[in-house]
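# Summary of the model geometry
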Amino acid sequence: MSSNELRQALVSSDKRYVWHPYTPMSRYLAETDPLVIERAEGSRLYDVDGRSYLDGNSSWWAATLGHRHTRVIAALCDQATRLAHTSMAGVTHEHGAELAKELIAVAPPGLGRVFYSDNGSTAVEVAMKLALQYWSQTGFPQKRRFAALSGAFHGETLGAASVGGVDVFRRPFADVLVDCVFAPPPDPRAEQEPYERAFGALDELIRTGHETLAALVIEPRVQGASGMRFYDKAYLQAIQRLCKAHDVLLVVDEVFSGYGRTGTFWAWDGMDGCPDLLCLGKGFTAGTLPMAATLVTDRLFEAFLGPPERAFYYGHTFCGNPLGARIAREVLAVYRDEQIVAKCAPKAAKVAAKMAAMASLPGVGNARALGMIGALDLAPGGSYLGQVGPRMVAEARRLGAYLRPLGDVAYVAPPLTISDDDLEELLTIFEASVAFALGV
Ligand SMILES: *Cc1c(COP(=O)(O)O)cnc(C)c1O
C-alpha cells in the first residue's frame, strides 16, 4: 500500500467511525483533512507520508519531555514484561508505593498523601469530592459549594466541568452542574492595578460566602484552555491567604502548569504556605500514559481515619496503574538528572523575545510569555469559535508545525526539551502563520 492509499484508508475509517473531541463534526466530515500521524520523536510528529511537524503544543500539553524519550520508553518496555496492571485494593506494588514517596518529596511542603487516578479531570473530581466529604466529617456539612475563576478550565467530568468557566464547555450542562460561584480573573490588560481589583471581587465572594463554600479551585499562574491568561504570583499568594483566613480549602490544579511549564517545577513554587489539595496529570507521565494524582495535606487525610463510614469510597480501575507509576517515576528521575527545568530558562527567554517582537504586528494584541508558553490574541475579544485560528493552523501545517489556537488566541507550548534549532524553527513558523492568518 502506498502512503497515499494508507492515508486515505485511515481517514476513511476515521470519518466513518470516530467522534472527535471538541470538534464540530459536520465541519470536520465536510472540510477537515486530518493529519495522519504515524510516529513521533523528540519535538516532531511524523505523518504517514514521512513529513514532519514540530509539535507546537506538546500534544495537548502533555509531552513535556518530547516524544519517545529513551529512558521513558525503556522503563515502559521493561515494566510491560513484569506487571502491567493490578488493583490497588488491598494490594500495593513497587512503583505505586515509591512514586508516592518521591512525589511528596518534590511537592510543595505540607502535602503528605497521594490519591491516584487516571486523567486530569478525575484528579480534580477527586479533589472536589474529598473537599465535600472533609467538611461533612469535620462538622461543617453546610459547606457544599465551590468557587472558581471565570474562564477556568479543570476538565470535563460533571464535577470538574462545574468549576470550569469556559462558556462553550458549560452551556449544554449548565442546569445540572454542581453549585459554583465565579469571580473574574485578573486582567493584565486593565490599566489600573488589575490584580488588586480582581482580588477585591474574589475577596468579597469568599468573605460573604465562606460558610457554604467547600473549596476554591484554581489554575495557578496560567489559565490554559481559556486562552493562556497569565496572572501574577502576588495574586496567587493573596488567594492562598484569603482561603486560609476563611477556612475555604484551596485546590491548586497543576495539571497543565506543573512539571516546569511556567518556568518553575510547580507554578506554586515560591509561595508561602501550602495548598490543601494539588492536582496533576498531563506532564505526570510526560504524555506517555494516562495517569493522574491528587495530593493532599495530612490534616485533610486524617479526617478520613477512624470508623469505616469515614472512608473515601472512591476509586478507578487504573488507579496507580503499574505501567503509569513506573513511567511517572522515570519522568521524575529524568527531570532531576537532566535538569529539565533549569535548562529550559534560555529557551523560555527565546519564546518571550519572539512574543515581544510580534507585539507590533498589526492585528496582534496582548503578546505575552510565561516559562515555555508564548501567546497572543489575534482578534479583539477573540472567541472560541473564531475564524482567524483555522487559517493559522493550515498555514503552520504547510510550513511544518502542528499548532492549534484556542479560538483566536495563538500560542506555543512546546516540549521543554525542544532543541534550540527546533525552537527557532517553530517560532519562525509561528510568526509566519500568524502573519498569514492576519493577512499582514
Ligand atoms: C487538561 C486539563 C485538565 C483535564 O485533564 P484531562 O486529562 O484532559 O482530563 C484539568 N485541568 C487543567 C488545568 C487542564 O489543563
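Residues numbered from 1 in each chain as written. Predicted model: local features only at pLDDT ≥ 70, side-chain atom pairs only at ≥ 80, totals over all residues. Heavy atoms only, no water.

## What to know about the overall build of the chain
Short version of the rule: The secondary structure listing takes helices from DSSP runs of H or I that are at least 4 residues long and strands from runs of E that are at least 2 residues long, numbered from the N terminus. Our radius of gyration looks at C-alpha atoms and nothing else; its globule reference is 2.2 Å times the residue count to the power 0.38. Areas reported as accessible are Shrake-Rupley estimates using a 1.4 Å probe. Residue values count occlusion only from the protein chains shown. For the purpose of counting charges, residues Lys and Arg are taken to be positive, whereas Asp and Glu are taken to be negative. His and the chain ends are not included. All charge positions are set by atom: Lys at NZ, Arg at CZ, Asp at CG, Glu at CD.
Helices and strands together make up the secondary structure of the chain, namely 15 helices and 16 strands. The C-alpha radius of gyration computed for the chain amounts to 22 Å, which stays within 12% of the reference 22 Å derived for 440 residues, consistent with globular compactness. Taken over the C-alpha atoms alone, the chain extends approximately 65 × 60 × 45 Å along its principal axes. As displayed, the chain has an accessible area near 19,200 Å², and 55% of this comes from carbon and sulfur atoms. Side chains of the chain give 42 positive and 49 negative charges; the mean places of these two sets differ by 1 Å.

## Describing helix α6 (residues 120–136)
So the rule is basically this: By this rule the span expected of a helix is its residue count minus one, scaled by 1.5 Å. Each residue is placed in one exposure class: buried if its accessible area under a 1.4 Å probe, protein chains only, is under 20% of its type's maximum, exposed if it is over 50%, and partly exposed if it falls in between. For the purposes of these results, a polar contact is taken to be a pair of N or O atoms within 3.5 Å, where, inside protein, one atom must be able to donate a hydrogen and its partner to accept one; residues adjacent in sequence count only when each atom of the pair is a side-chain atom.
If you check α6, its first and last C-alpha atoms are 25 Å apart, about what 17 residues at 1.5 Å a residue would give, namely 24 Å. Among the 17 residues in α6, 15 count as buried, and that is most of the element. With a side-chain oxygen positioned 3.0 Å from the backbone nitrogen of Ser 121, the residue opening α6 is Asn 119.

## With respect to helix α12 (residues 322–337)
The terminal C-alpha atoms of α12 lie 22 Å apart, and with 16 residues this matches the ideal 22 Å at 1.5 Å per residue to within 8%. Extensive coverage of α12 is indicated by the burial of 14 of its 16 residues. Capping of α12 at its N-terminal end is provided by Asn 321; its side-chain oxygen lies 3.1 Å from the backbone amide nitrogen of Leu 323. Looking one or two places after α12, you find Gln 339, whose phi comes out positive at around 45 degrees.

## A look at the confidence of the model for the chain
To keep it simple, the criterion reads: Per-residue confidence from the predictor is given as pLDDT, running between 0 and 100. In this analysis, two residues are considered to be in contact whenever any of their non-hydrogen atoms come within 4.5 Å of each other.
When pLDDT is averaged along the chain, the result is 95; 97% of the residues meet or exceed 70. Note on residues 381–385: pLDDT is under 50 here. Beyond four places in sequence and across chains, it has ten contacts.

## Looking at the site of the ligand
Put simply, the rule reads: It suffices for a single heavy atom of a residue to lie within 4 Å of a molecule or strand for the residue to be listed as near it. Only Asp, Glu, Lys and Arg are considered charged, only Ala, Val, Leu, Ile, Met, Phe, Trp, Tyr, Cys and Pro nonpolar, and every remaining residue, Gly among them, polar.
Neighbouring the ligand are the residues Trp 61, Asn 119, Gly 120, Ser 121, Phe 153, His 154, Gly 155, Glu 219, Asp 253, Val 255, Phe 256 and Lys 282. Within the side chain of Asn 119, an N or O atom sits 3.2 Å from an oxygen atom of the ligand. Contact between the ligand and Ser 121: an oxygen atom at 2.6 Å from a side-chain N or O atom of the residue. When the ligand is considered free in solution it has 380 Å² of accessible area, and contact with the protein chains removes 83% of it. Residues belonging to the shell around the ligand are distributed by class as follows: four nonpolar, five polar and three charged.

## Digging into the pairing of strand β13 (residues 365–370)
Heads up, the rule is: By this definition, two strands are paired if DSSP reports at least two bridges between them.
In this sheet, strand β14 (residues 373–377) lies alongside β13 in antiparallel orientation, the contact comprising four bridges. Residue pairing in the sheet places Arg 368 in a bridge with Ala 375 of β14.

## Quick look at the nonpolar core
To keep it simple, the criterion reads: Among buried residues, those of type Ala, Val, Leu, Ile, Met, Phe, Trp, Tyr and Cys that are joined through side-chain atoms within 4.5 Å constitute a nonpolar core.
With 77 residues, the main nonpolar core has Tyr 259, Phe 284, Phe 430 and Val 434 as its most contacted residues. Beyond its immediate chain neighbours, meaning those up to four positions away, Phe 430 contacts Met 355, Met 358, Leu 376, Met 392, Leu 403, Ala 410, Tyr 411 and Val 412.

## Side note on the pattern of salt bridges
Definition in use: Each reported salt bridge corresponds to a side-chain nitrogen of Lys or Arg within 4 Å of a carboxyl oxygen of Asp or Glu.
According to the stated counting rule, one finds 22 salt bridges in the structure shown. The closest approach of N and O atoms between Asp 167 and Arg 171, which form a salt bridge, is 2.8 Å. One salt bridge connects Asp 377 with Arg 368, and the closest N-O pair in it is separated by 3.0 Å. Among the residues examined, Asp 377 registers a relative accessible area of 7% and is labelled buried. Salt bridges sharing common partners tie together Arg 71, Glu 330, Arg 336 and Asp 337.

## Some thoughts on a nonpolar patch on the surface
So the rule is basically this: Patch membership requires more than 30% relative accessible area and the absence of a salt bridge. Residues of like charge join within 9 Å; the nonpolar side chains Val, Leu, Ile, Met, Phe, Trp and Tyr join within 5 Å.
Residues Leu 158, Phe 173 and Val 176 make up a contiguous nonpolar surface patch of roughly 280 Å² in combined accessible area. As for its position among the elements, Val 176 is in the loop between α8 (167–170) and β6 (180–183). When its relative accessible area of 54% is taken as the criterion, Val 176 is described as exposed.

## Quick notes on the packing of helix α14 (residues 388–399) against helix α15 (residues 420–438)
Rule in force here: Interaxial angles span 0 to 180 degrees and are taken between N-to-C directions of axes, which are lines fitted to C-alpha atoms, for helices over the stretch in contact. Reported orientations rely on four angle classes, namely roughly parallel under 35 degrees, roughly antiparallel over 145, roughly perpendicular from 65 to 115, and oblique for the rest. Here is the rule for handedness: rotate from the far helix to the near one, and if that takes an anticlockwise turn smaller than a right angle the crossing is left-handed, while a clockwise turn gives right-handed.
In contact at an axis separation of 8 Å, α14 and α15 are set at 135 degrees when each is read in the N-to-C sense. One finds that α14 runs oblique with respect to α15. Classified by chirality, the crossing of α15 by α14 is right-handed. Listed contacts from α15 to Val 388, Arg 391, Met 392, Glu 395, Ala 396 and Leu 399 of α14 are Ile 429, Phe 430, Ala 432, Ser 433, Val 434, Phe 436, Ala 437 and Leu 438. When the residues that make up the contact of α14 with α15 are grouped by side-chain class, the tally is eleven nonpolar, one polar and two charged.

## Here's the deal with the side chain of Ser 433
You can see Ser 433 is positioned in helix α15. Among the residues examined, Ser 433 registers a relative accessible area of 0% and is labelled buried.

## A short note on the sheet that holds β13
Taken together, the three strands give an open sheet; going across it, the order is β13-β14-β16, and neighbouring strands pair in antiparallel fashion. Two strands in the sheet have a free side with no partner beyond their single neighbour: β13 and β16 (409–412). Neighbouring strand axes in the sheet, compared pairwise and without regard to direction, differ in orientation by 10 degrees on average. As judged from the four bridges shared by β14 and β16, these two strands associate in the antiparallel manner. Bridge assignment links Gly 374 to a residue of β16, and that residue is Val 412. Each of β13, β14 and β16 touches helix α13 (residues 340–358); the most contacted strand, β14, lies at about 15 degrees to it. α15 contacts β14 and β16 of the sheet and is inclined by roughly 170 degrees relative to β16.

## Examining the sheet that holds strand β5 (residues 145–149)
Each strand in a sheet pairs with another by means of backbone hydrogen bonds, the pair being arranged parallel or else antiparallel. Here seven strands make up an open sheet; going across it, the order is β4-β12-β11-β10-β7-β5-β6 and the pairing mixed. The open sheet is flanked by β4 (111–117) and β6, the only strands paired with a single partner. Taken over all neighbouring pairs, the strand axes of this sheet differ in orientation by 20 degrees on average, direction set aside. In the sheet, strand β11 (residues 277–280) pairs with strand β12 (residues 292–297) via four bridges, with the strands oriented antiparallel. Across the sheet, Leu 277 pairs through a bridge with Val 296, a residue of β12.

## Side note on the packing of helix α5 (residues 94–106) against α12
Running from amino to carboxyl end, α5 crosses α12 at an angle of 35 degrees, the nearest separation of the two axes being 9 Å. For α5 against α12, the interelement crossing comes out left-handed. Taking contact as the criterion, the partners of Glu 94, His 95, Gly 96, Glu 98, Leu 99, Glu 102, Leu 103 and Val 106 in α5 are, on α12, Pro 322, Ala 325, Arg 326, Ala 328, Arg 329 and Leu 332. When its residues are assigned to classes, the contact of α5 with α12 shows seven nonpolar, two polar and five charged.

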